[in-house]
Amino acid sequence: MEHTQTYTASVAPATTGSAIAKWPRLGGRRIALLVLVVLLVSAFLLSIATGSVNIPLGDVIKVLTGVEPAKTTWTTIIQDFRLPKALAAVLSGAALAVSGLQMQTLFRNPLAGPYVLGVSSGASLGVAVVILALGTSGTVMLAGVGLFGDFGLAFAACLGSALVMGLVLLAARRVESSVTLLILGLMFGYAVSSIVSLLLHFSLAERVQAYVNWTFGSFGGVTWNQMSIFAPMVLIGLVLAYLLAKPLNALLLGDAYAASLGLNIRRARGWIVLSTALLAGVVTAFCGPIGFLGIAVPHLSRGLLNTSDHRLLIPAVGLMGAAIALIVDLIAHMPGSQIVLPLNAVMALVGAPVVIWVILRQRSVRASFTS
Amino acid sequence: MTGTTLATQDLAVGYTPPRKPARTIAGDIHITLHAGELACLIGPNGAGKSTLLRTLAGMQKPLAGRVLLAGDEIHTLSPIERAKRLSIVLTEQVQAGMFSAYELVALGRHPYTDWSGRLSAKDETIIRWAIEAVGAVELAKRPVNELSDGERQKVMIARALAQEPSLIILDEPTAFLDLPRRVEIMRLLRRLAWETGRAVLLSTHDLDLALRLADRLWLMPGDGTLHTGAPEDLVLSGALARAFRSSGVAFDLHSGTFTVQDAHRGTIALIGGGLAGIWARRALERTGYAITTNGGPALARIEAVDTTPPKWRLIQGDAVVEYTVLSDLLAAVKTLPS
């Protein structure tokens, strides 16, 4: 390109010694990312160490590095139950938080979350059909269900969310404005939820209970078998989201400016919706519709990092989402007791006051979404 | 630099409502804009200024004809190639999130950076140049959402510059600004056009500023035509006065401004010049009096004495009353029998 390089002719060179203080240093927020990594690792180890039986941290590390711990049962507990649960929490937390961030940016709406496009409603329909209509009595909560119970629910949920996701993707290619897409997603969600309501209305009480248990959400139902599908899918979704950081940054300026910067809006939107649907859909399929995280974590991260740059936000949101999922799950399991509380209930009960406190203290939410 | 940056051939702009025939807003448009020129697009509301700008910016397809950007048809350019040649500043305020001004300007490098958006040393040099060019260096570190409207508009112009376009199109860039800020932004744009050799096209409702600063005026009267020329030529040909003609408003060819014509209270004879005379005239016209200076029939005679401080004498037959503030004079004039 033969662009006229007038920027050197009309202005003195900017890279003089005194100019260094004058210009902001980008990337000074790496420290915050490091803090989040430390938080995540601590939460991960703590999550594996605590539960109905508490295991000393030293032994946890021994098991994780393949060394024989003080008690051999601890190896079983960690390998068969706590490690997959902790991994599921990490993957789900990261997935939901990142997809929530993408939706908030795409729709420039602070209330948007991973489920605004109706993905969780789709998954709910799949699960409702399996539990209520077909009459599989197994639930994801109970360990040791048969192969159909193991994969059946997840498969049905995947199918359901894929169905809604397909509709939304189709709409995303044809619809001009993002607001229209948002409304379409909400309407898909309502329509699908109403079918679930109808199924619930005509079902036996114990089957309804099984369905309700699924809606509570749980990280504990993901077996190693399922993990071999769950983990790669989430990782693909996360990598896709990171690749979309540049278009997401451009979209912050609004569709018109983004297009003027050379961005193909429809194509970018299609990829963002695909990544979100993959992340939110897979998590819902394997762990149930886990609320709250996807909306709250992006706000907390923006406040912590004081930026809207997705190149920083996406890793930060992922790390924070994973850490918070672990911590909430830890609380839900009430260390030292046999009681397990519904994950979604704990999530909102613990999370809502924290988020309210953070949001009232800083203006980051207002700053991000109003001019 | 005298190359033709923007040209149109037989351009017709408008829109196509769903399931209805296309509606042409303006047609047969032949315009050229050269490097280093500032063009102002003016016209009454609803004349189609935004539609024309959107079409010239490639955001909307023309109904007929072609838009040429340095000889290449704009709708055949790839989005990235177009972004390297043309940038925009819109009326609506961006919800820029938690960006610093520097980060916002850096988004202008979007068409040049790789998939990750990483800024090279050259990118950073251009960002700094753009910020310095609009005089926003002290704003660089500040969050965009804490800037005033005028400061933010400067940053948006820097962002447009950072795209290194040959043409910048701005849709009413001064709409939300107070008068000093409007003058500042318009002068900035003219300086940028002249000094950086870029073509700048903007729409505005600030006729006065457009007349004083534009190299070329594009006038859309709202009847489907477009007149272009030097501002002074459009004034002298009467095209400007015709475009904005409406009841109660007239374009004054001497002052180059619009005056409110609402003389229903009668005629006053005004004598004396200087500032005292000018502002007495303004005050009387504002209150609804016509002014005569050549001794026709009048309700009364006012003599403006341009001293410091000024004073005014209201003369009615033999009665002469002197006033030192215009509000007292107006109050007295209003009691005159009409």
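Above: the structure in question.
A. Highlighting the pattern of salt bridges. Residues and elements named next belong to chain B. For the coordinates displayed, the defined rule picks out 17 salt bridges over all chains. Between R109 and E164 there is a salt bridge; the shortest N-O distance is 3.1 Å. Remark: E164 occurs in the loop between α5 (149–162) and β8 (167–171) and R109 occurs in the loop between α3 (101–106) and α4 (121–133); sequence separation between them is 55 residues. The class for E164 is buried, based on a relative accessible area of 2%. For R313, the salt bridge goes to E303, with nearest N and O atoms at 3.2 Å. Here R313, found in strand β17 (residues 311–316), pairs with E303, found in strand β16 (residues 300–305); they are 10 residues apart in sequence, far enough to count as distant. Here R313 falls in the partly exposed class, since its relative accessible area comes to 24%.

B. Region of the structure containing unusual backbone geometry. That bond from T308 of chain B to P309 of chain B is cis: its omega, -5°, falls within 30 degrees of zero. The residue P309 of chain B is located in the loop between β16 and β17 in this model. Positive phi outside glycine occurs at F292 of chain A, with the angle close to 75°. Inspection of the secondary structure assignment puts F292 of chain A in the loop between α13 (265–287) and α14 (293–305). Positioned with a positive phi, E164 of chain B is a non-glycine residue whose angle comes to about 50°.

C. Representation of the packing of aromatic side chains. All names here are of chain A. Taken as a whole and judged by the stated rule, the model has three aromatic pairs over all chains. A ring pair is formed by Y211 and W214, whose centres lie 6.0 Å apart and whose planes are at 35°; its orientation type is tilted. On the criterion of helical spacing, the pair formed by Y211 and W214 is a turn pair, its members being three residues apart in helix α9 (residues 205–216). Y211 sits in the buried class, given a relative accessible area of 7%. Judged by relative accessible area, which is 1%, W214 ranks as buried.

D. Summary view of helix α10 (residues 274–287) of chain B. Residues and elements named next belong to chain B. Helix length check: α10, at 14 residues, gives a terminal C-alpha distance of 20 Å against a target of 20 Å (1.5 Å per residue), a fit within 8%. Among the residues making up α10, those that are buried are A276, G277, A280, A283, L284 and T287. The arc enclosing the buried residues of α10, seen along the axis, measures out at 130°, which places them on a common side. The exposed set on the far side of α10, more than 90 degrees from its buried face, consists of L275, R282 and R286.

E. Region of the structure containing the nonpolar core. Within the largest apolar cluster, 202 residues are counted, with the highest numbers of intra-cluster contacts made by F230 of chain A together with L52, L56, L201 and W218 of chain B. What L201 of chain B contacts, discounting residues up to four positions off in sequence, is L6, L33, A39, L41, L53, L56, L167, I168, I169, L170 and W218 of chain B. Counting residues in hydrophobic clusters, the runner-up holds 19 residues, among them A276, L284, A332 and V333 of chain B.

F. Seen up close, the packing of helix α5 (residues 72–106) of chain A against helix α10 (residues 224–243) of chain A. All names here are of chain A. Where α5 meets α10, the axes come as close as 10 Å, and the angle between the chain directions of the two elements is 25°. The orientation of α5 with respect to α10, classified from their angle, is roughly parallel. Crossing of α5 over α10 shows left-handed handedness. On the side of α5, the interface is formed by Q79, D80, L83, P84, L87, A88, L91, S92, A94, A95, V98 and Q102, while α10 contributes W224, M227, F230, A231, V234, L235, L238 and A241. For the contact of α5 with α10, a count of residues per class yields 16 nonpolar, three polar and one charged.

Cut-offs and rules
Residue positions within a chain follow its written sequence, with the count starting from 1. Chains carry letters from A onward and ligands carry numbers from 1 onward, assigned in written order. Selection of residues for local features in this predicted model requires a pLDDT of at least 70, selection of side-chain atom pairs for listing and counting requires 80 or more, and totals for whole chains, interfaces and linings are taken over all residues. Computation of side-chain values covers all heavy atoms of the structure but excludes hydrogens and water. One speaks of a salt bridge when a side-chain nitrogen belonging to Lys or Arg is within 4 Å of a carboxyl oxygen belonging to Asp or Glu. Every helix listed is a DSSP run of H or I at least four residues long, and every strand listed is a run of E at least two residues long, numbered separately from the N terminus. Here's how the labels work: a residue is buried when its accessible area is under 20% of the maximum for its type, exposed when over 50%, partly exposed in between, all with a 1.4 Å probe on protein chains only. When the centres of two rings from Phe, Tyr and Trp lie within 6.5 Å, Trp using its six-membered ring, the rings pair. Their planes under 30 degrees apart give stacked, over 60 give edge-to-face, and anything left gives tilted. Each residue after the first adds 1.5 Å to the expected span of a helix. Directions drawn from the helix axis to the C-beta atoms are what define this arc. Only buried residues count toward a nonpolar core. Its members are Ala, Val, Leu, Ile, Met, Phe, Trp, Tyr and Cys residues joined through side-chain atoms within 4.5 Å. In this description, contact between two residues means that some pair of their heavy atoms is separated by no more than 4.5 Å. To get an axis, a line is fitted to the C-alpha atoms, and for a helix only the part in contact is used. The angle between two axes follows their N-to-C directions and goes from 0 to 180 degrees. We call two directions roughly parallel when the angle between them is under 35 degrees, roughly antiparallel when it is over 145, roughly perpendicular when it lies between 65 and 115, and oblique otherwise. Left-handed describes a crossing whose near helix is turned anticlockwise from the far helix by less than a right angle; the clockwise case is right-handed. For this classification, the nonpolar set comprises Ala, Val, Leu, Ile, Met, Phe, Trp, Tyr, Cys and Pro, the charged set comprises Asp, Glu, Lys and Arg, and every other residue, Gly included, is treated as polar.

Structural measurements only, silent on function.
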